[in-house]
Amino acid sequence: MAHDYPFDSELAAAVALIPPVDLSDLAAARAAQAREVAGRLAAVDSTGVEVGQAVAPGREGAPDVALRTYRPLGAAGPLPAVYSVHGGGFMLGSPDVDHAFNLRLCRDLAAVVVSPDYRLAPEHPFPAGLEDCYAGLCLLAKGDAGLEVAADRIAVLGDSSGAGMATALTMLAHARGGPGIRFQVLFSPALDDRLDTPSARAFTDTPVWTRELARQSWEAYLGAGVPGTGDVSPYAAPARAGVAGLRGLPPAYVAVMEFDPLRDEGIDYARALLAAGVRTELHLFPGTFHGAVAVEYAGAVRRMSDETVAVLRRALGR
């Protein structure tokens, strides 16, 4: 795979160390990710945070949903909350993926953080994972998780497919009359199954994520032959919502990476939110690629993380 792109110098040095994503053997891909994440978890410092578990009843006969919870030790409630939806192309991942950053959010914001362990595709295609996320959000907002949360100060956050699901979750909660979401933070969101933007057509050999991997992920999530057709719900691919479908949504912060097949769908979504009257902040980080956030030591990534904390602090009144 050729990477002839003007990446940020620190990120460019890391590209060779990032293993390629191969979804052709999904069991092997999941096992490889679990091993890699376990290595990172061993070094994580959870000082000052009570990490726990909660269980949300599944919707309409679906299985219960496990939630990982983070609560700042000694903090008096009610506390604001961040509902953190992990990414992984709809097919990979668990709350372990974002564990270190969720700990940071909990500490730096003095907020509760909750991450749902939703069902994955292709075994559980749309809308299974989204309904799992909604069930967890309902438990959080109702206060049934025992976390002393301020129901009017809940933000959703996600990266990649997790950002796509956080977007869809925000739309779904609005359509169903709750729970109320105060703010949405979307990193490199996967929003458009049609893969017809200039960046989706151009970036076929970028690190971590390519047009072909995006195609495979949408096939897994929506079902073979469904992506790109007229039968795709905006709750699966929010780019299909149109401006009218976005009116009344909470403010958003959208971050996109320069050399990412998903770049332009994130930009287009931010523009659609603005057209719908939704206050939106859009930040394109130059020299970056999809998944660059994993290179935690890079200055560009530290800047992304710091900005995310600052944006959430402002949105949640911290």
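Coordinates for the structure precede this section.
Residues numbered from 1 in each chain as written. Predicted model: local features only at pLDDT ≥ 70, side-chain atom pairs only at ≥ 80, totals over all residues. Heavy atoms only, no water.

Caption draft 1: Spatial organisation of the overall build of the protein. Helix and strand counts for the protein come out as nine helices and eight strands. Rg of the C-alpha trace for the protein: 18 Å, near the compact-globule value of 20 Å for 318 residues, within the 12% margin. Taken along its principal axes, the extent of the C-alpha atoms in the protein is 50 × 45 × 40 Å. Look at the contacts in the protein between residues 6 or more apart in sequence, and 78% of them connect residues 24 or more apart. For the protein, the computed accessible surface area is about 12,800 Å², with 53% contributed by carbon and sulfur atoms. For the protein, the distance from the average position of its 27 positive side-chain charges to the average position of its 37 negative side-chain charges is 6 Å. (Helix = DSSP H or I, 4+ residues; strand = E, 2+ residues; numbered from the N terminus. Rg over C-alpha atoms; globule rule 2.2 N^0.38 Å. Contact = heavy atoms within 4.5 Å. Areas by Shrake-Rupley, 256 points an atom, 1.4 Å probe, with all protein chains shown as cover. Lys, Arg positive; Asp, Glu negative; His and termini not counted. Charge placed at Lys NZ, Arg CZ, Asp CG, Glu CD.)

Caption draft 2: Spotlight on the side chain of histidine 290. Take histidine 290: it is sitting in the loop between strand E8 (280-289) and helix H9 (299-315). Classification of histidine 290 as buried rests on a relative accessible area of 5%. Of note is the side chain of histidine 290, whose polar atom sits 2.8 Å from the side chain of serine 160. Sequence-distant contacts of histidine 290, that is, excluding residues within four places in its chain, are made with Ser160, Ser188, Pro207, Val208, Trp209, Met257, Phe259, Asp260 and Leu262. (Buried < 20%, exposed > 50% of the residue type's maximum accessible area, 1.4 Å probe, protein only. Polar contact = N/O pair within 3.5 Å; in protein donor to acceptor, adjacent residues only side chain to side chain.)

Caption draft 3: Main features of unusual backbone geometry. For the peptide bond that leads from glycine 77 to proline 78, omega is 0°, which places it in the cis range. Residue position: proline 78 is located in the loop between strand E2 (65-72) and strand E3 (79-85). Each neighbour pair has its own omega, and for phenylalanine 126 with proline 127 the value is 10°, a cis peptide bond. With respect to the secondary-structure elements, proline 127 resides in the loop between strand E4 (112-116) and helix H4 (128-142). Of note, phenylalanine 90 is a non-glycine position whose phi angle comes to about 65°, a positive value. Along the chain, phenylalanine 90 turns up in the loop between E3 and helix H3 (99-109). Residue phenylalanine 90 is classed as buried on the basis of its relative accessible area of 3%.

Caption draft 4: Just the nonpolar core, in detail. Tyr83, Leu140 and Tyr221 are the most contacted members of the largest nonpolar core, which totals 68 residues. Here this core gets nine residues from one element, more than from any other, and that element is H4. For tyrosine 221, the contacting residues outside a window of four places in its chain are Phe90, Ala121, Pro125, Phe126, Leu130, Met165 and Ala236. Listed in part, the 36 residues of the second largest apolar core include Ala14, Ala111, Ala255 and Met257. (Core = buried A, V, L, I, M, F, W, Y, C linked by side-chain atoms within 4.5 Å.)

Caption draft 5: The sheet that holds strand E1 (residues 49-56), seen in detail. Judged by pairing direction, the sheet is mixed, and its eight strands sit side by side in the order E1-E2-E4-E3-E5-E6-E7-E8 without closing on themselves. Two strands in the sheet have a free side with no partner beyond their single neighbour: E1 and E8. Pairs of neighbouring strands in the sheet enclose a mean axial angle of 20°, with direction left out of account. Bridge analysis of E3 against strand E5 (residues 149-159) gives six bridges, and the strand direction is parallel. Following the sheet pairing, leucine 79 is matched in E5 by valine 149. (Pairing = 2+ DSSP bridges. Axes fitted to C-alpha atoms, helices over the stretch in contact; angles between N-to-C directions.)

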